[in-house]
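Structural characterization, general
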Amino acid sequence: MSVQQQNNGSSREMVRAEKIVKRFGNLTVLNGVDLSVKRGEVVVVIGPSGSGKTTLLRCINHLEKIDDGRIYIEGELMGYREKNGRLVEDSEANIARIRSQVGFVFQRFNLFPHLTALENVIEAPIHVLHEPRAEVTGRALALLDKVGLADKANAYPHKLSGGQQQRVAIARALAMNPKIMLFDEATSALDPELVGEVLKVMKQLAEEGMTMVVVTHEMGFARDVCSHVIFMDKAVIVEEGTPEQIFEHAQNERTRNFLGMIS
Amino acid sequence: MFEWNTVWHFLFADPNHLFLIAAWRTLWISVVAQLCGVILGLFLALMRMSRFPYLNGPARGYIWFFRGSPLLVQVLLLWDGLPRIINNPNFLLPDWACILVAFSLNEGAYMAEIVRAGITSVDVGQMEAAKSLGMRYALAMRRIVLPQAARVIIPPLGNEFNNMLKTTSIASVIGLLELTGTAEVYGSQNFVIFELLIVATVFYLLLTTIWGYIQSWIENRLDPNRTIKTELDQKSWAARMLGFGSPRPGGAGTLASGR
Ligand SMILES: Nc1ncnc2c1ncn2[C@@H]1O[C@H](COP(=O)(O)OP(=O)(O)O)[C@@H](O)[C@H]1O
Ligand SMILES: [Mg+2]
């Protein structure tokens, strides 16, 4: 079956991961993980530390190479192309092009410290999408306003709190008009009192219909916002379903143990 | 008998500006060789850090060779060896070209290690964030990583240039009349070699001292505490770092305007 046929009739599918295998040396971090995210869906990934959640997100936008399986972003094979029936590494330009449509929010923000908040946001649209600076700046200011940081446009990251930095990072990703946003424990590095302001932004995004994959330990957020919960443990998806199925009627004992432990 | 008159003459009263011209030679050779060395070092560092063996292998070998053998030998290899390698005894690189090539190649090896240390000092999350925004490697390097690495690269780069100013004396062995060569040639002709070496030393000290001031001024500009203070001015990062036309906050500018 060719790539094309496989993806017909699934145009609403923004991310599709098939049997992803990822190893670091002898350690298998993802062992046949499947994932499907439809347009407008918010998928939350939960699971104990070291279960492979971060690695899964990083594989989706090809920050990590996968050892087996396939990942499609809107039907396009990510990171590889088919050549004589075999997969070979895709060109850098192609990988970058697909990545530019996938927003990634890091646990540790990773703002560019030598640029102001505004400069952080306009950097990629100007230099990657080659959009006119004036236009981008207008959009960037609107985005900073949206995340509640209109007054911090000219501040350097080190002058911002963790919560503010993470909101700038979200605005930075949004400035690329991504088709999907990936959040890797976006609030884990924050002081407890700053978590709410970031979750609020994420919640608003979800309500506006943004397609999102969210790795988080914030079960409240998962319950309120998401349409699908995935529980991972030891490199595999143990159980998945609606928030109600997972949070109220988990079938698997590992899921119940995990949920019992963190709530 | 030491002749102070001679020293005085060549320092202040030489109508031919013999040493001034020699100092100028020393200076431009240093500047050009350092610039070439920085550019070469940048590419060597990137090659050296590549995961492809056919890129990092040659870079390793290059750095190993040029850091592991004396510059003097490298100059002589180029000067005496090149005409023989290409098997044409009439082919001669002009002395200045030979020196520039040898110095640049050598400096490139040292700069490669300095640039590599600078790039390594930047958190890997910076490159990943840039890539996640759709930047390609070269763009991410240029716009995101190198500007941050510059903070770490520039202080040792300044020391390299200080060294370079003095190391140019090696050029005298192939007869290029920079400061040391000038002192030697004119000194031994007129039996005042010691006097002229003193003159050359004064010029070397002048060059390195002036550079020392420029260096500390640049490093002061790079001081993170300073960036915090200047962060409200809207200039580009490069302008801020090199301080083109930006008034010193709370400094002379405010005092002057208060008057
Ligand atoms: N770059 C790496 N090299 C080696 N091992 C890694 C690397 N990144 C992650 N791992 C390992 O992979 C496993 C899963 O990591 P991760 O995906 O970060 O888990 P989670 O995000 O669920 O906590 C862990 O055991 C971790 O130590
Ligand atoms: Mg993680």
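The notes below deal with the structure included here. (Residues numbered from 1 in each chain as written. Chains lettered and ligands numbered in written order. Predicted model: local features only at pLDDT ≥ 70, side-chain atom pairs only at ≥ 80, totals over all residues. Heavy atoms only, no water.)

1. Description of a nonpolar patch on the surface
All names here are of chain B. A cluster of nonpolar side chains, contributed by W64, F65, V73 and L77, occupies part of the molecular surface with about 450 Å² of accessible area. For the nonpolar patch, the secondary-structure elements that each account for two or more residues are α3 (53-68) and α4 (71-85). Inspection of the secondary structure assignment puts L77 in helix α4. (Patch = residues over 30% accessible without salt bridge, like charges linked within 9 Å, V, L, I, M, F, W, Y side chains within 5 Å. Areas by Shrake-Rupley, 256 points an atom, 1.4 Å probe, with all protein chains shown as cover. Salt bridge = Lys/Arg side-chain N within 4 Å of Asp/Glu carboxyl O. Helix = DSSP H or I, 4+ residues; strand = E, 2+ residues; numbered from the N terminus.)

2. What about the interface of chain A and chain B?
Taken together, the contacts link 29 residues of chain A with 24 residues of chain B. Both sides together, the interface formed by chain A and chain B hides about 2400 Å², and carbon and sulfur atoms give 54% of it. Inspection of the region where chain A meets chain B yields 3 salt bridges. The shortest N-O distance in the salt bridge between R58 of chain A and E128 of chain B comes to 2.7 Å. The interface formed by chain A and chain B holds 8 residue pairs in polar contact (both at pLDDT 80 or more) in total. Among the elements of the structure, α3 (92-99), β8 (102-105), α4 (117-127) and α6 (162-174) of chain A are those that each provide at least two residues to the side of chain A that touches chain B. Of the residues forming the side of chain A that touches chain B, the biggest block, 4 residues, is contributed by α3 of chain A. (Contact = heavy atoms within 4.5 Å. Buried area = accessible area lost by both parts, 1.4 Å probe. Polar contact = N/O pair within 3.5 Å; in protein donor to acceptor, adjacent residues only side chain to side chain.)

3. Description of the sheet that holds strand β1 (residues 13-24) of chain A
Strand pairing in a sheet relies on backbone hydrogen bonds. The paired strands run either parallel or antiparallel. Residue and element names in this part refer to chain A. With antiparallel pairing, the 4 strands of this open sheet are ordered in space as β2-β1-β4-β5. Looking along the sheet, the strands with just one partner apiece sit at the ends: β2 (27-38) and β5 (76-77). In this structure, strand β4 (residues 68-73) lies alongside β5, joined through 2 bridges in antiparallel fashion. Along β5, the bridge assignment pairs I73 with E76. Against the sheet, helix α2 (residues 53-60) engages β1, β2 and β4, with an angle of about 60° to β2. (Pairing = 2+ DSSP bridges. Axes fitted to C-alpha atoms, helices over the stretch in contact; angles between N-to-C directions.)

4. Some details on the environment of L259 of chain A
Residue and element names in this part refer to chain A. Mapped onto the elements of the fold, L259 is located in helix α10 (residues 253-262). You can call L259 buried: its relative accessible area is 12%. The sequence separation of L259 and F231 amounts to 28 residues, and the corresponding C-alpha distance is 9.7 Å. Ignoring sequence-local partners within four residues, the contact set of L259 consists of I46, M219, I246 and F247. (Buried < 20%, exposed > 50% of the residue type's maximum accessible area, 1.4 Å probe, protein only.)

5. Examining the site of ligand 1
Residue and element names in this part refer to chain A. Surrounding ligand 1, one finds F24, L27, V29, P48, S49, G50, S51, G52, K53, T54 and T55. Within the backbone of G52, a nitrogen or oxygen atom sits 3.0 Å from an oxygen atom of ligand 1. In this structure, T55 approaches ligand 1 through a side-chain N or O atom, which is 2.5 Å from an oxygen atom. If ligand 1 stood free it would expose 560 Å²; the protein chains cover 60% of that surface. (Near = heavy atom within 4 Å.)

6. A closer look at the packing of helix α2 (residues 18-49) of chain B against helix α7 (residues 137-167) of chain B
Residues and elements named next belong to chain B. Packing of α2 against α7 leaves a shortest axis separation of 11 Å and a crossing angle of 140°. If you check the angle between α2 and α7, you find them oblique. The way α2 lies across α7 gives a crossing that is right-handed. Residues T26, L27, S30, V31, A33, Q34, V38, L42 and L46 of α2 lie in contact with α7, whose contacting residues are Y137, M141, L146, L157, E160, F161, M164 and L165. Of the residues assigned to the contact of α2 with α7, the class counts are 13 nonpolar, 3 polar and 1 charged. (Parallel < 35°, antiparallel > 145°, perpendicular 65-115°, else oblique. Left-handed = near helix turned anticlockwise from the far one by under 90°. Nonpolar A, V, L, I, M, F, W, Y, C, P; charged D, E, K, R; others polar.)

7. A look at the sheet that holds strand β11 (residues 228-233) of chain A
Residues and elements named next belong to chain A. The strand order across the open sheet built from 6 strands is β8-β9-β10-β3-β11-β12, with neighbouring strands paired in mixed fashion. A single partner strand is all that each edge strand has here, and the edge strands are β8 and β12 (236-241). Recorded for the sheet is a direction-independent mean angle of 15° between the axes of neighbouring strands. Bridge count for strand β3 (residues 42-46) against β11 is 4 bridges, and the pairing is parallel. The residue bridging I46 from the neighbouring strand is F231, located in β11. Lying on the sheet, helix α7 (residues 192-207) is in contact with β3, β9 (180-184) and β10 (211-215); it crosses β10 at an angle near 145°.

8. Side note on the packing of aromatic side chains
The full count for this structure, using the stated rule, is 12 aromatic pairs over all chains. Ring centres of F52 of chain B and Y54 of chain B lie 5.5 Å apart, and the angle between their planes is 20°; this geometry places the pair in the stacked category. Here F52 of chain B falls in the partly exposed class, since its relative accessible area comes to 33%. Through pairs of rings, three or more aromatic residues link up here, namely F2, W4 and F194 of chain B. The residue whose ring lies beneath R172 of chain A is F112 of chain A, and the NZ or CZ to ring-centre distance is 4.4 Å. One Lys or Arg, R223 of chain A, reaches over the ring of F247 of chain A and ends 4.8 Å from the middle of that ring. (Phe/Tyr/Trp six-rings, centres within 6.5 Å; stacked < 30°, edge-to-face > 60°. Lys NZ or Arg CZ within 6 Å of the ring centre and 35° of its normal.)

9. Quick look at the pattern of salt bridges
By the definition in use, this model includes 19 salt bridges over all chains. Residue E74 of chain A pairs with R39 of chain A through a salt bridge whose shortest N-O separation is 3.0 Å. Of this pair, E74 of chain A sits in the loop between β4 and β5 while R39 of chain A sits in the loop between β2 and β3, placing them 35 residues apart in sequence. On the basis of relative accessibility, which here comes to 31%, the residue E74 of chain A falls in the partly exposed class. If you follow the salt bridges from partner to partner, you end up with K22, R58 and E64 of chain A together with E128 of chain B in one network.

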